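# Survey of secondary and tertiary structure
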Amino acid sequence: MTELSAHLPQFQHGQLTENFPDNHLSNTNDNSERRRHDNSGRRRNDNPESETNGQPQNNIQQVVEQDEEEDEELTLKYGAKHVIMLFVPVTLCMVVVVATIKSVSFYTRKDGQLIYTPFTEETETVGQRALNSILNAAIMISVIIVMTILLVVLYKYRCYKVIHGWLIISSLLLLFFFSFIYLGEVFKTYNVAMDYITVALIIWNFGVVGMICIHWKGPLRLQQAYLIMISALMALVFIKYLPEWTAWLILAVISVYDLVAVLCPKGPLRMLVETAQERNETLFPALIYSSTMIWLVNMAEEDPEAQRKATKNSTYDKQAPANQTRNEDAEADNGGFSQEWQQQRDNRIGPIESTPESRAAVQALPSNSQTSEDPEERGVKLGLGDFIFYSVLVGKASATASGDWNTTLACFVAILIGLCLTLLLLAIFKKALPALPISITFGLVFYFATDNLVQPFMDQLAFHQFYI
Amino acid sequence: AFFWLVSLLLASLVWFVSVRLSDRGDARLQHGLLVFGAAVSVLLQELFRFAYFKLLKKADEGLATISEDGRSPISLRQMAYVSGLSFGIISGIFSVINILADSIGPGTVGIHGDSPYYFITSAFLTMALVLLHTFWGVIFFDACEKRRYGCLGLVVASHLLTSGLTFLNPRYEASLGPIFIITLCTGLWAFVTAGGSFRSLLKCLSCKQEDNSRVMTYSALRVPCED
């Protein structure tokens, strides 16, 4: 087990901190929607000579405003759907973690600590224990902050290869090594006889399909399932190797950090999200859970970024196409239509070029649905770090609480309600929000309250078989 | 469920504080404090049910304003049912899940002289309680909506009565029987409150299709919305 701890630091570094930058929700689809709204609105106002079907400018203004209002109504209406779309994966992740904790005793056995938490909690006095846990939490948080800043700096200076390599190494570790250990422990618990060859086959297939799904293309459900599984694995590692008080302290401090990092103007996560939005790229697919596919099929705009071209398929990986598009910038602005398409069009209707002027004229036509995406397809994104910390909270509650299932359930309900509230705020504010603070606060309050107050009460009531 | 949990938290806080301040050795006092705690819990649950009603009313108005035809997509009756059901589910789960978890493990029921029917009576009591919470939810919301405070008082009183009857355990004939009678009566009351009647029950059971092809009501004649 000590070798395990020694290997972990290198990769733990990578894994830990990559997940943390994305402790936020974002409906960047909505953001880019609104920007397209604004862009097309501005373009209409700047084209006085374009034939706008004889309608005056203020009509167009009204249409723009009406579209924005409709947009907001739609957001609120489909907000409930998004809440359910996020409830299911969060619940699944928590269920997997709790089931594992309850059945496989490996994850509740104390087998040492990570090197990020060097101070032990087996001390003589309570004061010493408190001090040690505070120091542990401080070290862990500073590691996280340093790694987050490093990631943001790498992203800002476009060192995509480094980030990509880092992500690949850590997902390799998770998908192969941690799942091998997990499988081994499950087999040990249920006393299943297994040979190495079968295990190698299973782990190889699981890992390779996982790498492909997460980093490249794959069916959406499979990608979501893999993301849930790696979040659960990561949460289990945390539950095993973090001592008690340290774990609670880390949860509390990281939700404060999340709040600061996402909302402060100079916060690293906010800078990350804003840079990604400026460059019109999506954040790393290996770190974010998204509830729908994004179809960016919209009208040809004058952006030379061939993001539109690259994202006509239904996946989410932007790193490889992003590198490609930089080469294709030099090509003529063909409005997003590929060469073959243009040839076909020429064959059918004759050589009519799509010029910037014609495109502007078409866009100037007032139309009710500027939203080229089906509103139902707009999804919500949740960072994997959020999954991990929610599951750590519920897992720790089920592992160490005296109230057992009552405490676990109370924390579960509290976290879901926190998530609900966060999504409500997201619908109101429409920008990236931290998903950890509200849920973790509710979860912690409910954990300590249920464990210390409710549990003795319910215990006494159940003892006498009284019902309330 | 969250609202019920918060009420439970506050009630157990009250009980905890009262136990801390009292003499631990006196068994009768502790029993009395437990009864007191249970009564406080019941009252707090109903209070939070009322608070939830207020919240849902506000949300209902909000939904109605942003919907297309000015009516909210969920009726207040549906909300009442869901609210009652969720109160019931979380209350039932909290009462029974630890018992269920213990029932898997090795052990003998009632080996120390307690009743050997503990598990099965717990199961039936929990079922009754879940159903009762659902019915109380429906009746409560309707009473609040129509401002019939007598009905409201009756709901609270029946909750207190049910909880009080469980204090008679393990004399199960005295507690289980009346509780089931109360459940049946409350169920009928809730059914009537929600607008059901003997005729509608027959219609539902005979699986007759609604014959609405011949007569078209005026409100159904709507201009198709422009798209």
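Because the structure is a prediction, the values reported are computed rather than measured.

Scanning chain A from N- to C-terminus turns up 16 helices and four strands. Classification of the 468 residues of chain A by burial places 52% in the buried group. Long-range pairs, those at least 24 residues apart, make up 80% of the contacts in chain A with a sequence separation of at least 6. With an accessible surface of roughly 21,100 Å², chain A has 63% of that area assigned to carbon and sulfur atoms.

Okay, the overall build of chain B next. Looking only at helices and strands, chain B features seven helices and zero strands. Element order for chain B, N to C, with α for helix and β for strand: α-α-α-α-α-α-α. Here the C-alpha radius of gyration of chain B, 22 Å, is well above what a compact globule of 227 residues would show, namely 17 Å. Seen along its three principal axes, the alpha-carbon backbone of chain B occupies a region of about 75 × 40 × 35 Å. Evaluated residue by residue, chain B yields a buried proportion of 38% over its 227 residues. Put simply, of all contacts in chain B between residues at least 6 apart along the chain, 68% involve residues at least 24 apart. Accessible area for chain B stands at about 13,900 Å²; split by element, carbon and sulfur atoms hold 67% of it.

As a further point, take the UniProt feature "signal peptide" (unreviewed entry) in chain B. Taken from the UniProt record, the annotation "signal peptide" (unreviewed entry) applies to residues 1–19 of chain B. Segment residues 1–19 of chain B splits into 95% helix and 0% strand. End C-alpha atoms: 26 Å apart.

Another point: the interface of chain A and chain B. Interface size is commonly expressed as the accessible area that is lost once the parts come together. Residue-level contacts link 30 residues of chain A with 39 residues of chain B. Each partner contributes to the roughly 3,200 Å² buried at the junction of chain A and chain B, and carbon and sulfur atoms together form 74% of this total. Together, Gln465, Tyr467 and Ile468 of chain A form the three largest contributors to the area buried by chain A at its contact with chain B, with a combined 28%. Taken together, the links from chain A to chain B amount to zero salt bridges. For the side of chain A that touches chain B, the secondary-structure elements that each account for two or more residues are helix 3 (57–103), helix 15 (405–429) and helix 16 (436–464) of chain A. Looking at the side of chain A that touches chain B residue by residue, the class counts come to 20 nonpolar, seven polar and three charged.

Residue and element names in this part refer to chain A. In the numbering adopted here, UniProt assigns the feature "transmembrane region" (unreviewed entry) to residues 83–101, 134–155, 162–184, 196–214, 226–242, 248–264, 409–429 and 435–454. Note that residues 134–155 is 100% helix and 0% strand, and that its end C-alpha atoms are spaced 31 Å apart. The span residues 248–264 is 94% helix and 0% strand, and its two end C-alpha atoms sit 24 Å from each other.

Our next topic: the packing of helix 4 (residues 118–145) of chain B against helix 5 (residues 149–166) of chain B. Residues and elements named next belong to chain B. Across the interface, helix 4 lies against helix 5 with an axial gap of 9 Å and an inter-helix angle of 165 degrees. By the angle class used here, helix 4 and helix 5 are roughly antiparallel. Two packed elements cross with a definite hand, and for helix 4 against helix 5 that hand is left-handed. Across from Leu125, Leu129, Leu132, His133, Trp136, Ile139, Phe140, Ala143 and Cys144 in helix 4, the residues of helix 5 making contact are Cys151, Leu152, Val155, Ser158, His159, Thr162 and Thr166. Broken down by class, the residue content of the contact of helix 4 with helix 5 amounts to 11 nonpolar, five polar and no charged.

Moving on to the pattern of salt bridges. Residues and elements named next belong to chain B. Summed over the entire model, instances satisfying the criterion amount to nine salt bridges over all chains. Across the pair Glu46 and Arg49 runs a salt bridge, and its minimum N-O distance is 3.3 Å. Within this pair, Glu46 and its partner Arg49 are both found in helix 2 (residues 27–66), separated by three residues, close to a single helical turn. As far as burial versus exposure is concerned, Glu46 and Arg49 are alike and both buried.

Attention shifts here to a nonpolar patch on the surface. All names here are of chain B. On the surface, a cluster of nonpolar side chains totalling about 620 Å² of accessible area is made up of Phe191, Val192, Phe198, Leu201, Leu202 and Leu205. Put simply, the parts of the chain that give the nonpolar patch at least two residues each are helix 6 (172–193) and helix 7 (198–205). Top element by residues in the nonpolar patch is helix 7. It accounts for four residues. Its location among the elements puts Phe198 in helix 7. Note on Phe198: relative accessible area 63%, which makes it exposed.

Under the UniProt annotation, "transmembrane region" (unreviewed entry) lies at residues 31–48, 79–97, 117–141, 148–168 and 174–192 of chain B. Secondary structure across residues 79–97 of chain B divides into 100% helix and 0% strand, with the first and last C-alpha atoms of the span separated by 26 Å.

Moving on, we get to the side chain of Thr193 of chain B. With respect to the helices and strands, the residue Thr193 of chain B is situated in helix 6. Sequence-distant contacts of Thr193 of chain B, defined by excluding residues within four places in its chain, comprise Arg77, Ile139 and Asp142 of chain B.

Next up on the list: the packing of aromatic side chains. By the definition in use, this model includes 23 aromatic pairs over all chains. Between Tyr107 of chain A and Tyr182 of chain A, the ring centres sit 6.2 Å apart and the planes meet at 40 degrees, which makes this aromatic pair tilted. Of this pair, Tyr107 of chain A sits in the loop between helix 3 and helix 4 (126–156) while Tyr182 of chain A is found in helix 5 (residues 160–190), placing the two residues 75 residues apart along the sequence. Residue class for Tyr107 of chain A comes out buried when judged on its relative accessible area of 6%. When its relative accessible area of 22% is taken as the criterion, Tyr182 of chain A is described as partly exposed. Between Tyr447 of chain A and Phe448 of chain A, the aromatic rings sit 5.0 Å apart at their centres with planes inclined by 75 degrees, giving edge-to-face as the arrangement. Through successive ring pairs, a cluster of aromatic residues spans Phe442 and Phe446 of chain A together with Phe2, Phe3, Phe48 and Tyr52 of chain B.

This part is about helix 4 of chain B. With 28 residues, helix 4 of chain B should cover 40 Å at 1.5 Å per step; its first-to-last C-alpha distance of 40 Å lies within 8% of that length. Trailing helix 4 of chain B by a residue or two, Arg147 of chain B shows a phi angle of about 55 degrees, which is positive.

Attention now goes to helix 2 of chain B. Between its first and last C-alpha, helix 2 of chain B extends 58 Å over 40 residues, near the 58 Å set by a 1.5 Å rise per residue. The distance from a side-chain oxygen at the start of helix 2 of chain B to the backbone nitrogen of Arg28 of chain B is 3.3 Å, and the residue carrying that oxygen is Asp26 of chain B.

Calculation criteria
Residues numbered from 1 in each chain as written. Chains lettered and ligands numbered in written order. Predicted model: local features only at pLDDT ≥ 70, side-chain atom pairs only at ≥ 80, totals over all residues. Heavy atoms only, no water. Helix = DSSP H or I, 4+ residues; strand = E, 2+ residues; numbered from the N terminus. Buried < 20%, exposed > 50% of the residue type's maximum accessible area, 1.4 Å probe, protein only. Contact = heavy atoms within 4.5 Å. Areas by Shrake-Rupley, 256 points an atom, 1.4 Å probe, with all protein chains shown as cover. Rg over C-alpha atoms; globule rule 2.2 N^0.38 Å. UniProt positions renumbered as here; feature names shortened; annotations may be inferred. Buried area = accessible area lost by both parts, 1.4 Å probe. Salt bridge = Lys/Arg side-chain N within 4 Å of Asp/Glu carboxyl O. Nonpolar A, V, L, I, M, F, W, Y, C, P; charged D, E, K, R; others polar. Axes fitted to C-alpha atoms, helices over the stretch in contact; angles between N-to-C directions. Parallel < 35°, antiparallel > 145°, perpendicular 65-115°, else oblique. Left-handed = near helix turned anticlockwise from the far one by under 90°. Patch = residues over 30% accessible without salt bridge, like charges linked within 9 Å, V, L, I, M, F, W, Y side chains within 5 Å. Phe/Tyr/Trp six-rings, centres within 6.5 Å; stacked < 30°, edge-to-face > 60°. Expected span 1.5 Å × (residues − 1). Polar contact = N/O pair within 3.5 Å; in protein donor to acceptor, adjacent residues only side chain to side chain.

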